[in-house]
Amino acid sequence: MTRSDGDKTKAAGICDSCSELFTVWACQDGTVRPVSPHNACSCDDPSYRVVEENEVFDDEDEAAGANEEKYPDA
Ligand SMILES: [Zn+2]
């Protein structure tokens, strides 16, 4: 869950460059930065953004659906 702390919110984040997941501060001015630089990725040009929780859950649903489609009727 997200936790508010003044003008910034702790959230799940991802680096679009390498798909590494870590916790980030999402500031109200649109800035997204890792809570701990030591836990972030080591990209030369990282692209951080907040990951919606339902976005993560959607991935799990798609994985389950993929298994069901392994043996099509056709
Ligand atoms: Zn990265």
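Residues numbered from 1 in each chain as written. Predicted model: local features only at pLDDT ≥ 70, side-chain atom pairs only at ≥ 80, totals over all residues.

### Looking at the confidence of the model for the chain
Detail in the predicted coordinates should be disregarded across regions flagged by low pLDDT. The predicted model of the chain has a mean per-residue pLDDT of 79, with 66% of residues at 70 or higher. The least confident element of the chain, judged by mean pLDDT, is helix H1 (residues 53–68) at 57; the most confident is strand S5 (residues 48–50) at 94. (pLDDT = per-residue confidence, 0-100. Helix = DSSP H or I, 4+ residues; strand = E, 2+ residues; numbered from the N terminus.)

### Describing the environment of Phe-22
Within the secondary structure, Phe-22 is located in strand S3 (residues 21–27). In this structure Phe-22 comes out as partly exposed when scored by C-beta crowding, with 18 C-beta atoms within 10 Å. Remark: the alpha-carbon pair of Phe-22 and Ser-36, spanning 14 residues in sequence, is separated by 8.8 Å. Excluding anything up to four places from it in sequence, Phe-22 contacts Gly-13, Pro-34, Asn-39 and Ala-40. (Buried ≥ 20, exposed ≤ 12 C-beta atoms within 10 Å, placed from the backbone. Contact = placed C-beta atoms within 7 Å.)

### Some remarks on unusual backbone geometry
A negative phi angle is the norm for most residues apart from glycine, just as the trans form is the norm for most peptide bonds. We note that Ser-19 has phi near 65°; this positive angle belongs to a residue other than glycine. One can find Ser-19 in the loop between strand S2 (8–15) and S3.

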